[in-house]
Amino acid sequence: MVATMQLIRLVGMLLILLYWIQLILDHFIKQSKNAEESTEKETLKKQLPFGVMNQTKNNLLVLLISSIGGILDVLSEIPVGALIFSLIFSIVLKLTKNTAPLSANIRYFAQILAGSIIGCTFILHSILQMGQLIFPAITLLFSYLVINFIFAFSAYRLGFLDLQSALFASSPAGATDIALIAGDFGGDMPKIAAVQICRMLYSVIVMPFLVHFFVS
């Protein structure tokens, strides 16, 4: 039951999230402002100093350093898999060597891998269980959307994040999946990834103690 509900959460949010975010952005932000911000972001991307490395060498270097970090994280058995160390290693590389962002084709390939991982966990038993979990699943997704809006609107009003990045950052889908999707829609990927990692750490470190406390 837990695995099925978690699967519904992940797949459901990935299906709903983009329409939900677009609905909120259309309501709170004027289209002209969105177009202006998009133009500014494109201009900044073109002005980024890529250094003397060409894009291929840059991609290989970033992937190599990130892979080393990810492998060390797996060997250390720290929660959240290989995500944290690969993130830290790539940040240090960016700060020391001023590397360029990975090319769009690599991000698309990563999205394919992430989708494959999610799809492979969906078995016939999960589908059969969904019949008796319709109401809990609808309640779960609805509550996530409400919390997503409250967090995003609060963070936006307080000036911590722009509205679009705040909506992505507070989405209860996977951290990797959200970061990949947000990159295609102009979100602030570093801040989104940071909030998502904090959410994941809370889930694997704090939540078990809370569950044990309330159940006992």
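Further up the page is the structure itself.
We now turn to the structure provided with this report. Being a predicted model, the structure only gives us computed values, none of them experimental.

### Observations concerning the overall build of the protein chain
- From N to C terminus, the protein chain includes ten helices and zero strands.
- Helices (α) and strands (β) of the protein chain occur, in sequence order from the N terminus, as α-α-α-α-α-α-α-α-α-α.
- Look at the contacts in the protein chain between residues 6 or more apart in sequence, and 70% of them connect residues 24 or more apart.
- Here the protein chain displays about 13700 Å² of accessible surface, and carbon together with sulfur accounts for 74% of that area.

### Description of helix α3 (residues 55-76)
- Relative to the 32 Å expected for 22 residues at 1.5 Å per residue, α3 spans 32 Å between its end C-alpha atoms, a close match to the ideal helical length.
- Taken together, the buried positions of α3 are occupied by Asn58, Asn59, Val62, Ser66, Gly69, Gly70 and Asp73. Along α3, the residues classed as buried sweep out an arc of 110 degrees about the axis, all on the same side. Looking at α3, the residues exposed on the side facing more than 90 degrees away from the buried face are Thr56, Lys57, Leu60, Ile71 and Leu75.
- Buried residues along α3 sit in contact with α4 (83-97) and α5 (104-120).
- In the stretch just after α3, Glu77 is the one whose phi turns positive, near 60 degrees.

### A short note on the packing of aromatic side chains
- Inspection of the entire model under this criterion finds three aromatic pairs.
- An angle of 15 degrees between the planes, with centres 6.5 Å apart, marks the rings of Phe85 and Phe89 as stacked. Placement of the pair is Phe85 and Phe89 together in helix α4, with a separation of four residues, close to one helical turn.
- Given the relative accessible area of 27%, Phe89 is considered partly exposed.
- Ring centres of Phe213 and Phe214 lie 5.4 Å apart, and the angle between their planes is 75 degrees; this geometry places the pair in the edge-to-face category.
- A relative accessible area of 65% means that Phe214 is categorised as exposed.

Rules used throughout
- Residues numbered from 1 in each chain as written.
- Predicted model: local features only at pLDDT ≥ 70, side-chain atom pairs only at ≥ 80, totals over all residues.
- Heavy atoms only, no water.
- Helix = DSSP H or I, 4+ residues; strand = E, 2+ residues; numbered from the N terminus.
- Contact = heavy atoms within 4.5 Å.
- Areas by Shrake-Rupley, 256 points an atom, 1.4 Å probe, with all protein chains shown as cover.
- Expected span 1.5 Å × (residues − 1).
- Buried < 20%, exposed > 50% of the residue type's maximum accessible area, 1.4 Å probe, protein only.
- Arc of directions from axis to C-beta.
- Phe/Tyr/Trp six-rings, centres within 6.5 Å; stacked < 30°, edge-to-face > 60°.

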